[in-house]
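Remarks on the overall topology
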Amino acid sequence: MLKQARTQSLLKEILPSALANLSDTRLNALNVVDVRCSRGKYFAEVFLNAPFATEKEKAEILKQLKKAHSLIKAFCLEETGWFRCPDFKFIFDGSLEQENRLDQIFEALQKERENKEKES
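Below you will find a few notes about this structure. (Residues numbered from 1 in each chain as written. Predicted model: local features only at pLDDT ≥ 70, side-chain atom pairs only at ≥ 80, totals over all residues. Heavy atoms only, no water.)

**Some details on the packing of helix H1 (residues 2-20) against helix H4 (residues 69-80)**
Their axes nearest at 10 Å, the elements H1 and H4 cross at an angle of 125°. Classified by the interaxial angle, the pair formed by H1 and H4 is oblique. Viewed along their axes, H1 and H4 form a crossing whose handedness is right-handed. Every residue of H4 that contacts H1 at Leu10, Leu11, Ile14, Leu15, Ser17, Ala18 and Leu19 is listed here: Ile72, Phe75, Cys76, Glu79 and Thr80. Of the residues belonging to the contact of H1 with H4, the class tally is 9 nonpolar, 2 polar and 1 charged. (Axes fitted to C-alpha atoms, helices over the stretch in contact; angles between N-to-C directions. Helix = DSSP H or I, 4+ residues; strand = E, 2+ residues; numbered from the N terminus. Parallel < 35°, antiparallel > 145°, perpendicular 65-115°, else oblique. Left-handed = near helix turned anticlockwise from the far one by under 90°. Contact = heavy atoms within 4.5 Å. Nonpolar A, V, L, I, M, F, W, Y, C, P; charged D, E, K, R; others polar.)

**Some points on H4**
Helix length check: H4, at 12 residues, gives a terminal C-alpha distance of 17 Å against a target of 16 Å (1.5 Å per residue), a fit within 8%. Those residues of H4 that fall on the buried side of the exposure criterion are His69, Ile72, Lys73, Phe75, Cys76 and Thr80. Buried residues of H4 fall within an arc of 160° about the axis and therefore sit on the same side. Facing away from the buried side of H4, by more than 90 degrees, are the exposed residues Ser70, Leu71 and Glu78. Check the buried side of H4 and you find it contacts H1, helix H3 (55-67) and strand S3 (87-92). In the stretch just after H4, glycine 81 is the one whose phi turns positive, near 80°. (Expected span 1.5 Å × (residues − 1). Buried < 20%, exposed > 50% of the residue type's maximum accessible area, 1.4 Å probe, protein only. Arc of directions from axis to C-beta.)

**Looking at the pattern of salt bridges**
Any two side chains of opposite charge can pair if their charged atoms end up close together. Using the criterion set out here, one finds 5 salt bridges in the structure. With its nearest N and O atoms 3.5 Å apart, the salt bridge here joins aspartate 34 to arginine 36. You can call aspartate 34 partly exposed: its relative accessible area is 26%. (Salt bridge = Lys/Arg side-chain N within 4 Å of Asp/Glu carboxyl O.)

**Side note on the sheet that holds strand S2 (residues 43-49)**
If you walk across this open sheet you meet the 3 strands as S1-S2-S3, and the pairing is mixed. What marks the edges here is a single partner per strand, and that holds for strand S1 (31-37) and S3. Pairwise comparison of adjacent strand axes, ignoring direction, gives a mean angle of 25° for this sheet. As paired elements, S1 and S2 share 6 bridges and run antiparallel to each other. The partner of aspartate 34 across the bridge, within S2, is phenylalanine 47. Those strands touched by H1 are S1, S2 and S3, and its axis lies near 145° from that of S1. Of the strands in this sheet, S2 and S3 are in contact with H3, which crosses S3 at around 170°. (Pairing = 2+ DSSP bridges.)

**A word on the packing of aromatic side chains**
For the coordinates displayed, the defined rule picks out 1 aromatic pair. When the ring of phenylalanine 88 is compared with that of phenylalanine 90, the centres are 6.0 Å apart and the planes differ by 40°; the resulting orientation is tilted. Accessibility assignment for this pair places phenylalanine 88 and phenylalanine 90 in one class, buried. (Phe/Tyr/Trp six-rings, centres within 6.5 Å; stacked < 30°, edge-to-face > 60°.)

So far we have only geometry, and geometry alone does not tell us how the molecule works.
Pasting the structure below:
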């Protein structure tokens, strides 16, 4: 469990650099939110955030990430010195957007409550 957490943490640090080294500017601007490795560390889910991208752009970005998969793995192997690197599955994480929407809703409710108290 501890090794898995270390691996996830290291990948979370290294992957933004790997993405920054790619020639596609859309990939350079991606934020790595989280990384979750399987038990054997053969597979890793990489959660990304791209608030600037539409759904169509996100689909295109995922397609480009598949093409750049081997370059990203090579970068990680070089940086870590590992014998092998997990296979990556890139996923857009919507939880940050949901959290921001919830914050906006709570702010609106709070303002509404304050306005009612002022009227009373």
